[in-house]
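Okay, here's what each chain looks like letter by letter:
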Amino acid sequence: MEQRQQEERETAAQEFQAALDELETMLQGNPNPDKTTSGFSNGSLSDAQLKAEEEDLASIDLEAFEDAVADIEKYLAERIK
């Protein structure tokens with residue numbers, strides 16, 4: 001039972017690290033155009049969907065987002081030690 005939990009934790013940690021790496025790449029403004037992001041549709045969006053997404057993006061609190069990124073960077077720095 002413990003071995004299974006450990007494997008699940010390792011898998012989750014690897015997936016989390018991959019997501020953090022992808023986020024870092026996106027934040028640096030160098031997204032990999034060959035890689036599609038899971039969970040996002042590559043199809044065209046209607047005008048209503050685009051407007052809704054723009055409103056969602058406009059409501060993001062930049063300071064809170066920067067704090068979250070700082071927390072993630074701190075976590076990664078401590079994990080590497």
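As the structure is a computational prediction, the values presented were derived from the model and not from experiment. (Residues numbered from 1 in each chain as written. Predicted model: local features only at pLDDT ≥ 70, side-chain atom pairs only at ≥ 80, totals over all residues. Heavy atoms only, no water.)

Time to look at the overall build of the protein chain. Regarding its fold elements, the protein chain presents 3 helices and 0 strands. Of the regular secondary structure in the protein chain, the N- to C-terminal order runs α-α-α. Summed over all atoms, the accessible surface of the protein chain reaches about 7400 Å², with 51% contributed by carbon and sulfur. (Helix = DSSP H or I, 4+ residues; strand = E, 2+ residues; numbered from the N terminus. Areas by Shrake-Rupley, 256 points an atom, 1.4 Å probe, with all protein chains shown as cover.)

A separate point is the packing of helix α1 (residues 2-27) against helix α3 (residues 62-80). Look at α1 against α3: their axes get within 12 Å of each other, and the N-to-C directions meet at 130 degrees. When the interaxial angle is binned, α1 and α3 end up oblique. When you trace α1 past α3, the crossing you get is left-handed. Here α1 contributes Ala13, Phe16, Gln17, Leu20, Leu23 and Leu27 to the contact with α3, which in turn contributes Phe65, Val69, Ile72, Tyr75, Leu76 and Arg79. (Axes fitted to C-alpha atoms, helices over the stretch in contact; angles between N-to-C directions. Parallel < 35°, antiparallel > 145°, perpendicular 65-115°, else oblique. Left-handed = near helix turned anticlockwise from the far one by under 90°. Contact = heavy atoms within 4.5 Å.)

This part covers a negative patch on the surface. On the surface, Asp61, Glu63, Glu66, Asp67 and Asp71 cluster together into a negatively charged patch. Relative to the assigned elements, Glu66 resides in helix α3. (Patch = residues over 30% accessible without salt bridge, like charges linked within 9 Å, V, L, I, M, F, W, Y side chains within 5 Å. Salt bridge = Lys/Arg side-chain N within 4 Å of Asp/Glu carboxyl O. Lys, Arg positive; Asp, Glu negative; His and termini not counted. Charge placed at Lys NZ, Arg CZ, Asp CG, Glu CD.)

Close approach of charged atoms allows side chains with opposite charge to pair. Scanning the entire structure with this criterion turns up 1 salt bridge. Across the pair Arg4 and Glu8 runs a salt bridge whose closest N-O atoms are separated by 3.4 Å. Of this pair, Arg4 and Glu8 are both found in helix α1, 4 residues apart, which corresponds to roughly one turn of the helix.

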